[in-house]
Amino acid sequence: MAGQSKPLTLARLEDLTLGSFAFVPSSETLDHLVRFLSTWSGSDKLFMIIQYTVKLLVPFLHWRARLQYNAGLRKAPLSTSADRLGKLGGIISDARMLFRIWGLLPIFQWMIAMERNPAPTRRLRTIERLQGWSMLAYYPLEHLYYLLSHSIIPDKLALPSITAFIPFIKTRPSEKHIPLKLSTLGLWSTRFWAAYVVLQLAHLREDSKLLRLRERTLAKTKTGASAAEKEDISKRKKALTNEFVVNLAYLPLTLHWSTEKGIFENEVWLNICGLIAGIASWRSGWEATALKPTPNLADIPPVEPTEEKLAPHVDDVLKDVIEAPSLDEM
């Protein structure tokens, strides 16, 4: 009979159990998530969101424990869950700093490419050069901070003697040393990072001017801006706004960690800023890894040539590299 079910054989039973994923429909969101988290940047953004979410949950759980203790609902005003989450946040923070140990390599690559393909204006070129040099100072200081905080290197580095570079000559250890102080390394590395953030805000301001210039230029053409051009300008405006939010959230973090006493007494504000920066960075990375549909060349209208410089696609090449150094021990 047509409506009779198939006999339950061993192979059929295996298909229904071990092969149950055959009934799960494919998901573009899952494919996108795997594609994004397969990159170093994507996984780092996820860890950043988890890290600052945990840092916000820890004081809340301690506060709740104290309230329950005062109400007689808890034997001690302590939260074991908060302690466990605090350890998780510390591990994630430490791991993210370790993963930045090769951060100088993309900086070198970016600075070389910057000179080969300069920015459209002299002001932007100067800003990018200053940003590159600030990162050349930031990363070695952060690496020294990380290694010293884990006692991997001593707090004094001996200077090599002149005879050390001459073969067949017995050398003596140099008596001159460079002292390394953990707090000083942390302060100066973050100060160079703060300089980058301020320069990036200035960079975004110049990018916004160029984008408005492009919009006005397209509006003056005979045919005006096409639908595709309007959509492209709209996407770039959103990208500029998102990058502005990221760097505006980083600014109080860098200013706080750039001073010995800090500017915030309550670290909750720092964690809120870090979470905002993490979510905004995730959003930009998520949109950047989305599969773009292939355009049909027949549907693209011709654009009237113009002598005006058009704003390029704004993309901060360092946004996937520069993250907050973990200065919680300071």
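Relevant structure appears above.
What comes next concerns the included structure. Just so it is clear, the model here is predicted, and its values are computed rather than measured.

Let's talk about the overall build of the chain
The helix and strand tally for the chain stands at 9 helices and 2 strands. Scanning the chain from its N terminus toward the C terminus, one meets helices and strands in the order α-α-α-α-α-α-β-β-α-α-α. With 330 residues in all, the chain has 35% of them scored as buried. Taking contacts inside the chain between residues at least 6 apart in sequence as the whole, the part at least 24 apart equals 75%. Put simply, the chain shows about 21,500 Å² of open surface, and 63% of that area lies on carbon and sulfur atoms.

Some thoughts on the environment of Phe264
Summarising the element assignment, Phe264 is placed in the loop between helix H8 (227-257) and helix H9 (268-288). Ignoring anything within four residues of it in the chain, the contact list for Phe264 reads Pro252, His256, Trp269 and Leu270.

Thoughts on a nonpolar patch on the surface
Taken together, Leu46, Phe47, Ile50, Leu88, Leu98, Phe99, Ile101, Trp102, Leu105 and Phe108 make up a surface patch of nonpolar side chains, about 840 Å² in accessible area. Elements represented by at least two residues in the nonpolar patch include exactly helix H3 (40-70), helix H4 (80-99) and helix H5 (104-116). In this fold, Leu88 is placed in helix H4.

What to know about the side chain of Glu128
Within the element layout of this structure, Glu128 appears in helix H6 (residues 122-149). Nearest to the buried, unbridged Glu128 among oppositely charged side chains is Arg125, at 7.4 Å. Discounting residues that sit within four places of it in the chain, Glu128 has contacts with Trp110, Met114, Ala119 and His203.

Notes on unusual backbone geometry
Although it is not a glycine, Ser151 sits at a positive phi angle of roughly 60°. Take Ser151: it is sitting in the loop between H6 and strand E1 (156-158). The exposure class assigned to Ser151 is exposed, which follows from its relative accessible area of 63%.

Thresholds applied
The residue numbers shown here count from 1 along each chain, following its written sequence. Restriction of local features to residues with pLDDT of at least 70 applies here, the model being predicted, together with a cutoff of 80 or more for giving and counting side-chain atom pairs; totals for whole chains, interfaces and linings are based on all residues. With hydrogens and water set aside, each side-chain value is computed from the structure's full complement of heavy atoms. Each helix is a run of H or I in the DSSP string that is no shorter than four residues. Each strand is a run of E no shorter than two, and both are numbered from the N terminus. For the exposure calls, accessible area comes from a 1.4 Å probe over protein chains only, and a residue counts as buried if that area is under 20% of its type's maximum, exposed if over 50%, partly exposed in between. Pairs of residues are marked as contacts when any of their non-hydrogen atoms sit within 4.5 Å. Only the protein chains shown count as covering a residue, and every accessible area follows the Shrake-Rupley method with a 1.4 Å probe. Patches here are clusters of residues that have more than 30% relative accessible area and form no salt bridge, with a 9 Å joining cutoff for like charges and a 5 Å cutoff for nonpolar side chains (Val, Leu, Ile, Met, Phe, Trp, Tyr). In what follows, salt bridge is the name for a side-chain nitrogen of Lys or Arg lying within 4 Å of a carboxyl oxygen of Asp or Glu. Positive: Lys, Arg. Negative: Asp, Glu. His and the chain ends are not part of the count.

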